[in-house]
Amino acid sequence: MCGICFILFEKGNGQGFVSDDIFNNSRLSNRGPDSSNVTSFDISDHLTAFFSGHVLHLRGDEMAEQPAVDSKGNLLLWNGEIFGGISVEESESDTKVLLELLSDCSSDAQITTLLSQVQGPWSVIYWQATRKTLWFGRDVFGRRSLLWHLPENHTEAFSLSSVQIKPWKYKEIPSVGIFKMTSTQKASGAQHTITLFPWKSAVWPGSLDAVQHGPELAVNLYAGEMPAEIVGFEMSSSITVPSQMPALNKCLPSADHSVPDLFPDQSYLDYLQKILEADSYLRTLSRQLTGVLLEAVKTRVFNQHIVEPSTVMTARKSPDHLSKAKDDKSCTNEATNDVMENGASCDSHVTFSARVAILFSGGIDSTVIAALADKCLPINEPIDLLNVAFELKPKNTGRKERQSKPPPEKKWDVPDRLTGYTALSELNPDRLWNFIEVNVTAEQLQEARSFHIQDLVYPLQTVLDDSIGCAVWFASRGSGILGNGPNKGANICSSARVILCGMGADEQLVGYSRHRVKYKEEGWLGLINEIEMEVTRISARNLGRDDRIITDHGKESRFPFLDERVVKFLSSLPLHVKADLNLPRGLGEKLLLRMSATELGLHQTAVLAKRAIQFGSRIAKLENNKEKATDICSRLTNMSLTDT
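I will try to describe carefully the structure that is included in this document. For every chain, the first residue of its written sequence is number 1, and the numbers climb from 1 along that sequence. Per-residue local features are limited, in this predicted model, to residues with pLDDT of at least 70; the limit for side-chain atom pairs, both in listing and counting, is 80 or more; totals at the level of whole chains, interfaces and linings are taken over all residues. Excluding hydrogens and water, the side-chain values take into account all heavy atoms of the structure.

The next thing to look at is the overall build of the chain. A count of helical and extended segments in the chain gives 20 helices and 22 strands. Contacts between residues were defined by any pair of non-hydrogen atoms, one from each residue, lying within 4.5 Å. The contacts in the chain between residues at least 6 apart in sequence include a share of 73% that link residues at least 24 apart. Methods summary: accessible areas were calculated by the Shrake-Rupley approach with a probe of 1.4 Å, and residue burial reflects only the protein chains presented. For the chain, the accessible area works out to roughly 26000 Å², and carbon and sulfur atoms hold 49% of it. Helical segments are the DSSP runs of H or I of at least four residues, strand segments are the runs of E of at least two, and each set is numbered from the N terminus.

Put into structure tokens, the structure is as follows:
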């Protein structure tokens, strides 16, 4: 995992730009705490390029510093993980392997074919020195962030970056293919030409309209805005890039298709167990789903460095005392000092550090991931479960003096906290699970949003982006209170550098409430089209944002439900075996996954209804309750205007 950045200046316009600007005006270095480097050189008589790489070392015996350069002068900035498609030995760095393979490529088709083979999350910037050509792009699911700033005049720079570099305005690069840029010099200044090599059957996220060459190409690529004339866009008509996005099985159920009736006095769990007993086809599919998910989780917890033991502090204050780590710090000794300065007298306990953490709401997605991670890791390794809660506000009874405050022991009893403990009780009792209560006050939320989170959510700016971005930022930081075990009540910071996330399950397995609305209005055909659009637009909706948020703590997000093998398997199945919305909420959606959870022994979790993180963590209750999720968030835009 890395923070990567490329900046191209016309000579005479970038003399004042130095590497410190990258560090001071962005959060790039947070993404790569193990190594930071900047290199610059003239790519022509008129243009100077800056390359900046910030490395989080997770794989290979030796760290591959970035930018990585070969003997030919080719240069690679790689923010990704090669989990398949290209052979990488356990001791090797995938950055070095990829650079060697790219260096052997001499044509457009060779480069695009090579990148299309990568299985795993990635964004890339590659300078092909022999052809003076820049290549860049993101994987088809958009699991890694890459933004671009296109110059509006010849005094501005062209920039690619994992996160915003102020004061430039950026937009997300759409995950519709691989891009190539060449630059020429004209009398008026530099002219940049960007060529798109589209994924096979690529569609514009959110529309299902095919990506085609035409007058709207530039506008669609640049988020609805027409770039300045100094940047031109083309689309290759001769090369179509193979895609890891499989076609969705659109078979409709037969006229006599039905699932067994749910009797009025029958529990949901009993219903799932009866289906597994009676229907060998669904039982087989359920076990196949468990198997392919297990391989995806195994891939994502494999090949990591053993880190040093961490310190857990047993506070002598009440269990709801929050470790008030300053918001600009990850879980370090500085966070420990903050707790001490805030008056908590602590005894230290050294424990074996967890290598893996899970964003853990106690919902079916995260709990299945936890149960499968337990099957992959040695039993003596702990796993951190990161559970976030925002403080419950006093209930307004109409009279100020009668506002009802929750008792201290109930202050953090948000829905996700309660389901989290329920799910914990169903996991392997022989494993050391560190259930970390991440408790956030309104003041901490406002401060973190102002100084950190707004820059990471950018360029997205809806109420939903704000709520989820804030919740995920605090959760992934992993600073809180140990909620279980012999050191219960201790202040703890997760040492895990890999965080497993359940994103992607709802889109593929019919998990959102809007899917019920669509099914009620348009039946199976309407639902199938909706799910197809959900998957194709996932790159534009949230994964780039989540990557920017989580990696700000020097940690890496990994998404088992978006493993290429899992997506291929689920896409191959007709929708009516994955879900049946004739059944009630908490049963019909994600039906196949509920069967898998049942066989994993997650009996209470298997029948929980979907609850979005902004509601389960209660962050939505701290904000304006009249807002809609799709509204522009004033808390983000006001800060952006003030900052500008």
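After that view, the rundown keeps rolling.
Attention now moves to the packing of aromatic side chains. Only rings of Phe, Tyr and Trp enter the pairing, Trp through its six-membered ring, and a pair is recorded when the two centres are within 6.5 Å. The plane angle decides the type: under 30 degrees is stacked, over 60 is edge-to-face, the rest tilted. With the rule as written, the count across this model stands at 19 aromatic pairs. A centroid spacing of 6.0 Å and a plane angle of 70° characterise the contact between F136 and W148, whose relative ring orientation is edge-to-face. Of this pair, F136 sits in strand β7 (residues 133-138) while W148 sits in strand β8 (residues 147-149), and the two are 12 residues apart along the sequence. Note on classification: 1.4 Å probe, protein chains only; a residue is buried when its accessible area is under 20% of the maximum for its type, exposed when over 50%, partly exposed between these limits. Under the relative-accessibility criterion, F136 is labelled buried at 0%. Residue class for W148 comes out buried when judged on its relative accessible area of 0%.

By volume, the second largest pocket amounts to about 1200 Å³. Taken together, 43 residues make up the lining of the second largest pocket; nearest its centre are K169, Y170, K171, Y458 and P459. For the lining of the second largest pocket, the secondary-structure elements that each account for two or more residues are β10 (171-172), α5 (217-221), α11 (442-457), α15 (538-551) and α20 (634-643). At five residues, α20 tops the list of elements feeding residues into the lining of the second largest pocket. Residue polarity is assigned by list, with Asp, Glu, Lys and Arg as charged and Ala, Val, Leu, Ile, Met, Phe, Trp, Tyr, Cys and Pro as nonpolar; anything else, Gly included, falls into the polar class. Taken together, the residues of the lining of the second largest pocket sort by class into 22 nonpolar, 11 polar and 10 charged. A cavity here means a set of points on a 1 Å grid, drawn over the protein atoms and nothing else, where a 1.4 Å probe fits but cannot get out; a pocket is an open set with protein on both sides within 12 Å along at least five of seven lines, and a residue lines either one if it has an atom within 4 Å of a point. Grid points are joined across faces, edges and corners, and a volume is the space filled by probe spheres set on the points.

The tally for this structure, following the rule as stated, stands at six cavities of 30 Å³ or more. Lining of the largest cavity is provided by 15 residues; of these, M1, L56, R59, D94 and T95 occupy positions nearest its centre. Those elements that place two or more of their residues in the lining of the largest cavity are β5 (75-80) and α3 (94-103).

Two strands make a pair as long as DSSP finds a minimum of two bridges between them. The strand order across the open sheet formed by six strands is β2-β3-β1-β9-β8-β10, and the pairing between neighbours is antiparallel. Unpaired on one side and paired on the other, β2 (35-42) and β10 mark the two borders of the sheet. In terms of strand pairing, β2 meets strand β3 (residues 47-55) through eight bridges, oriented antiparallel. For V38, the partnering residue across the bridge sits in β3 and is S52.

As a further point, take the nonpolar core. L134, F136, W148, F158, L160, I194 and F474 are the most contacted members of the largest nonpolar core, which totals 118 residues. The dominant element in this core, judged by the number of residues it contributes, is helix α12 (residues 463-477), at eight residues. Here F136 is in contact with V124, I125, L146, W148, F158, L160, I173, I178, F179, M181 and I194, once residues within four sequence places are set aside. The next biggest cluster of nonpolar side chains, apart from the first, holds 53 residues, and it includes V259, L276, A370 and I383. For this analysis, a nonpolar core means a set of buried residues of the types Ala, Val, Leu, Ile, Met, Phe, Trp, Tyr and Cys, connected via side-chain atoms within 4.5 Å.

Here we come to the environment of Q288. Mapping Q288 onto the fold places it in helix α7 (residues 280-301). Sequence separation between Q288 and F569 is 281 residues, and the spatial gap between their C-alpha atoms is 8.7 Å.

On the basis of which strands lie adjacent, the open sheet formed by seven strands has the order β4-β5-β6-β7-β11-β12-β13 and mixed pairing. Single-partner strands in this sheet number two, and they are β4 (68-69) and β13 (231-235). Pairing of β7 with strand β11 (residues 177-186) involves four bridges; the strand directions are antiparallel. For L134, the partnering residue across the bridge sits in β11 and is M181. Angular values range over 0 to 180 degrees, each being the angle between N-to-C directions of two axes fitted as lines to C-alpha atoms, with helices fitted over their stretch in contact. Relative to the sheet, α3 contacts β4, β5 and β6 (122-128), its axis offset from that of β5 by approximately 135°. In the packing of helix α4 (residues 108-116) onto the sheet, the strands contacted are β6, β7, β11 and β12 (189-198), and the crossing angle to β6 comes to about 155°.

Right, let's get into the packing of α11 against α15. Direction vectors running N to C along α11 and α15 enclose 150°, while the axes themselves pass 8 Å from each other. Relative to α15, the element α11 is oriented roughly antiparallel. Once α11 is placed against α15, the crossing between them reads as right-handed. Here α11 contributes I453, L456 and V457 to the contact with α15, which in turn contributes R545, R548 and I549. Residues of the contact of α11 with α15, tallied by class, amount to four nonpolar, no polar and two charged. By definition in this entry, angles of less than 35 degrees are roughly parallel, angles greater than 145 are roughly antiparallel, angles of 65 to 115 are roughly perpendicular, and the rest are oblique. Should the near helix be turned anticlockwise from the far one by less than a right angle, the crossing is termed left-handed; should it be turned clockwise, right-handed.

At the junction of K166 and P167, the peptide bond is cis and its omega measures out at 10° in the coordinates. Positionally, P167 belongs in the loop between β9 (158-161) and β10. Within the chain, R618 stands out as a residue other than glycine whose phi angle is a positive 70°. Residue placement: R618 occurs in the loop between α19 (613-616) and α20.

Nonpolar side chains (Val, Leu, Ile, Met, Phe, Trp, Tyr) within 5 Å and like charges within 9 Å form the patches, drawn only from residues with over 30% relative accessible area and no salt bridge. Think of a salt bridge as a Lys or Arg side-chain nitrogen and an Asp or Glu carboxyl oxygen that are within 4 Å of each other. Charged-residue counts in this description rest on Lys and Arg as positive and Asp and Glu as negative, His and the chain ends being excluded. A single reference atom marks each charge: NZ on Lys, CZ on Arg, CG on Asp, CD on Glu. Taken together, the side chains of D61, E62, E89, E90, E92, E100 and D104 define an acidic patch exposed on the protein surface. Within the element layout of this structure, D104 appears in the loop between α3 and α4.

All right, on to the packing of α11 against α12 then. Running from N to C, α11 and α12 point in directions that differ by 105°, and their axes come no closer than 10 Å. By the criterion of interaxial angle, the relationship of α11 to α12 is roughly perpendicular. On α12, the residues touching Q444, L445, A448, R449, H452, I453, L456 and V457 of α11 are D465, D466, G469, C470, W473 and F474. In terms of residue class, the contact of α11 with α12 is made up of eight nonpolar, three polar and three charged.

What follows concerns helix α18 (residues 591-599). Every α-helix winds through 3.6 residues per turn, so residues three or four apart in the chain are directed the same way. Taking burial as the measure, the nine residues of α18 include eight buried ones, the bulk of the element. When we look at burial in α18, the residues that qualify are L591, L592, L593, R594, M595, S596, A597 and T598. Considering only its buried residues, α18 is in contact with α6 (268-278), α7, α9 (364-376), α13 (505-509) and α17 (575-578). Where α18 terminates, the next one or two residues include G601, which has phi positive at roughly 85°.

Now for the pairing of strand β16 (residues 356-359). Covered by surrounding structure in β16 are V356 and I358 together with A357 and L359, the residues of both alternating faces. Here β16 runs beside strand β21 (residues 498-500); their pairing, made up of three bridges, is parallel. For A357, the partnering residue across the bridge sits in β21 and is I499. Sheet topology note: the β16/strand β17 (residues 383-390) ladder contains three bridges and is parallel. Residue pairing for β17: A357 is matched across the bridge by D384. Taken together, β16, α9 and β17 constitute a β-α-β crossover, and its handedness is right-handed. Looking down the strands as they point away from the viewer, one classifies a crossover as right-handed if the path from the first strand across the helix to the second runs clockwise.

Take α7 next. By this rule the span expected of a helix is its residue count minus one, scaled by 1.5 Å. Between its first and last C-alpha atoms α7 spans 31 Å; for 22 residues at 1.5 Å apiece the expected length is 32 Å, and the two agree. Of the residues making up α7, those classed as buried are L282, L285, S286, L289, T290, V292, L293, A296, V297, T299, R300 and V301. Where α7 begins, the side chain of D279 points an oxygen toward the backbone nitrogen of Y281, at a separation of 3.1 Å. Two N or O atoms count as a polar contact when they lie within 3.5 Å, although within protein this holds only if one can serve as hydrogen donor and the other as acceptor, and sequence-adjacent residues are included solely when both atoms are side-chain atoms.

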